[in-house]
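Per-entry structural report
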Amino acid sequence: MTEEKNSATRRNDQNSNSVTNILSVDIEDYYQVEGFKKKIAFSEWEKYESRFHLGLEWLLHILDSHKTKATFFILGWIAERHPQWISEILRKGHEIGVHGWRHRRIDALTPDEFRADIMRTIELLKGLGVDDLRGHRAPSFSITPGTRWAWEIIDECGLKYDASLSARYFPAKNAPWVCSNPGPQRFKFNETKGIDLFPQAYLPLFDHIPFAGGGYFRLYPYKLTHWGMKRWNSRGVPVMVYVHPWEFDPDQPQFKVNLPRRFKHYVNLETNREKFAQLLQDFKFAPCRDFL
Ligand SMILES: [Zn+2]
């Protein structure tokens, strides 16, 4: 772990009852998710109605009302077609990060393909006025022991942190990633050199069971998420929450896919706005940049 301390970390040291957590949003549309990849080819994306802005508008509004800023990791493909949303997110004072160009898992790419994919996105975002671009999140938390070369490329591309390490691989008790982090907070491996890592949060007492984001947040009773966050926070550990705009759009078109995929994508969509509003009420949040 690094020794230097930022404002959010200092606040957390001072008062563990009011720990600031990390809020992240992955901007992709409902038809671009990994679970529908076999059903919807990339070449067909243009045919689908774009709806990400419906959930995004709601998110921006509720974040404003709680005076909360977040990190928005965005697909290059979306930013190129809807640049006005980049301006709007920046205007409201949030952070923008990279979510790849077209939502391909890193373990489906070669190092050269990955470099080209994120560089294309970085150049586009900088051209759209994102001057302070620091972070990366891989689609589906897909940096694995076999694709940890990605961190070196993220570093080479000039970014400062990565938020793609799945709870499946963290905490890491076995080689090649051994570390004794007492919770899912920001850390560094020696091999990540210049960049910081923000791992996906796991439930206290249950290593490798994710919570506080995506389908886990929608599926688990709110009381469980609340308990997990309170417990980590009582130890001074911030929790990284992640959501998607399509998770706040219960009227999105539904695809006929197998039952596990249907469940994962559609479970509790209709109650998610209310649940997330409660989370903002109960906990404090800041973007990743505040923890660097
Ligand atoms: Zn994604």
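Everything that follows concerns the structure shown earlier in this document.
Presented here is a report on the structure given in the accompanying data block. Predicted model, so just to flag it, every value in this text is computed and none were measured.

Another point: the coordination of the zinc ion. Only E28 (OE), H99 (NE2) and H103 (NE2) from the protein reach the zinc ion as donors, at distances of 2.0 to 2.1 Å. Within one chain, the residues serving as donors to the zinc ion are arranged as E-x70-H-x3-H. Of this pair, E28 sits in the loop between strand 1 (20-27) and helix 2 (52-65) while H103 sits in the loop between strand 3 (95-98) and helix 5 (111-127); the two residues are 75 residues apart in sequence, bridging distant segments of the chain. Exposure class is identical for E28 and H103. Each is buried.

Under the definition given, this model contains one cavity of 30 Å³ or more. Taken as a whole, the largest cavity spans an internal volume of roughly 50 Å³. What lines the largest cavity is a set of 13 residues, among which G100, R104, F114, D117 and P139 lie closest to the centre. Ranked by the residues each element gives to the lining of the largest cavity, the list is headed by helix 5, at three residues. Across the lining of the largest cavity, the residue classes break down as seven nonpolar, four polar and two charged.

Our focus in this paragraph is helix 6 (residues 149-156). If you check which residues of helix 6 are buried, you get A150, W151, I153 and I154. The arc that holds the buried residues of helix 6, viewed along the axis, is 160 degrees, so those residues lie on one side. Packing partners of the buried residues in helix 6 comprise helix 5, strand 4 (135-136), strand 5 (161-162) and strand 6 (196-197). Just downstream of helix 6 lies G158, where phi reads positive at about 90 degrees.

Here S142 lies in the loop between strand 4 and helix 6. Here S142 is in contact with R105, I106, D107, T147 and S164, once residues within four sequence places are set aside.

A few words on the packing of helix 8 (residues 222-234) against helix 10 (residues 272-282). In the contact formed by helix 8 and helix 10, the axes pass within 11 Å of each other and the chain directions differ by 25 degrees. When the axes of helix 8 and helix 10 are compared, the pair comes out roughly parallel. Crossing geometry of helix 8 relative to helix 10 is assigned as right-handed. Of the residues in helix 10, those in contact with Y222, T225, H226 and M229 of helix 8 are K275, Q278, L279 and D282.

Let's shift gears to the side chain of Q200. Considering the arrangement of structural elements, one finds Q200 in the loop between strand 6 and helix 7 (214-219). In this structure the side chain of Q200 is engaged in a polar contact, spanning 3.0 Å, whose partner is the side chain of Y242. Those residues in contact with Q200 that lie beyond four places of it in its chain are F141, L165, S166, A167, P184, P210, Y216, M240 and Y242.

Scanning the model with the defined rule gives 18 salt bridges in all. Residue D64 is joined to K92 by a salt bridge in which the shortest nitrogen-to-oxygen separation is 2.6 Å. Here the residue D64 occupies a position in helix 2, and K92 occupies one in the loop between helix 4 (83-91) and strand 3, the gap between them amounting to 28 residues. Residue class for D64 comes out partly exposed when judged on its relative accessible area of 33%. As a salt-bridge pair, R289 and D290 come within 3.7 Å of each other at their nearest N and O atoms.

Going through the model one piece at a time under the given rule, you end up with 20 aromatic pairs. Note on W45 and W77: the rings are 5.1 Å apart at their centroids and 85 degrees apart in plane angle, and the pair reads as edge-to-face. Here the residue W45 occupies a position in the loop between strand 1 and helix 2, and W77 occupies one in helix 3 (residues 76-81), the gap between them amounting to 32 residues. W45 sits in the buried class, given a relative accessible area of 5%. Ring pairs connect the aromatic residues Y30, Y31, F36, F42, W45, Y48, W77, F255 and Y266, which therefore count as one cluster. One residue, R102, lies across the ring of F42, its end atom 3.9 Å from the ring centre. Across the ring face of W101, the terminal group of R120 is positioned such that the distance to the ring centre comes to 3.8 Å.

So, about the layout of surface pockets. Empty space among the atoms can be located by rolling a probe the size of a water molecule over them. Looking at the largest pocket, its volume works out to about 900 Å³. Those elements giving two or more residues to the lining of the largest pocket turn out to be helix 7 and helix 9 (259-266). Considering only residue class, the lining of the largest pocket consists of 15 nonpolar, 12 polar and 13 charged.

What follows deals with the pairing of strand 3. Because side chains alternate across strand 3, one face comprises the buried residues E95 and G97, and the other comprises I96 and V98, equally buried. The pairing of strand 2 (residues 71-74) with strand 3 spans four bridges and is classified as parallel. Bridge pairing links F72 to I96 in strand 3.

Rules used in this analysis
Residues numbered from 1 in each chain as written. Predicted model: local features only at pLDDT ≥ 70, side-chain atom pairs only at ≥ 80, totals over all residues. Heavy atoms only, no water. Donors = N, O, S within 2.8 Å, 3.2 Å for Na, K, Ca; no water. Helix = DSSP H or I, 4+ residues; strand = E, 2+ residues; numbered from the N terminus. Buried < 20%, exposed > 50% of the residue type's maximum accessible area, 1.4 Å probe, protein only. 1 Å grid on protein atoms, 1.4 Å probe; cavity = no way out; pocket = protein on both sides within 12 Å on 5 of 7 lines; lining within 4 Å. Points joined across faces, edges and corners; volume = space filled by probe spheres on them. Nonpolar A, V, L, I, M, F, W, Y, C, P; charged D, E, K, R; others polar. Arc of directions from axis to C-beta. Contact = heavy atoms within 4.5 Å. Axes fitted to C-alpha atoms, helices over the stretch in contact; angles between N-to-C directions. Parallel < 35°, antiparallel > 145°, perpendicular 65-115°, else oblique. Left-handed = near helix turned anticlockwise from the far one by under 90°. Polar contact = N/O pair within 3.5 Å; in protein donor to acceptor, adjacent residues only side chain to side chain. Salt bridge = Lys/Arg side-chain N within 4 Å of Asp/Glu carboxyl O. Phe/Tyr/Trp six-rings, centres within 6.5 Å; stacked < 30°, edge-to-face > 60°. Lys NZ or Arg CZ within 6 Å of the ring centre and 35° of its normal. Pairing = 2+ DSSP bridges.

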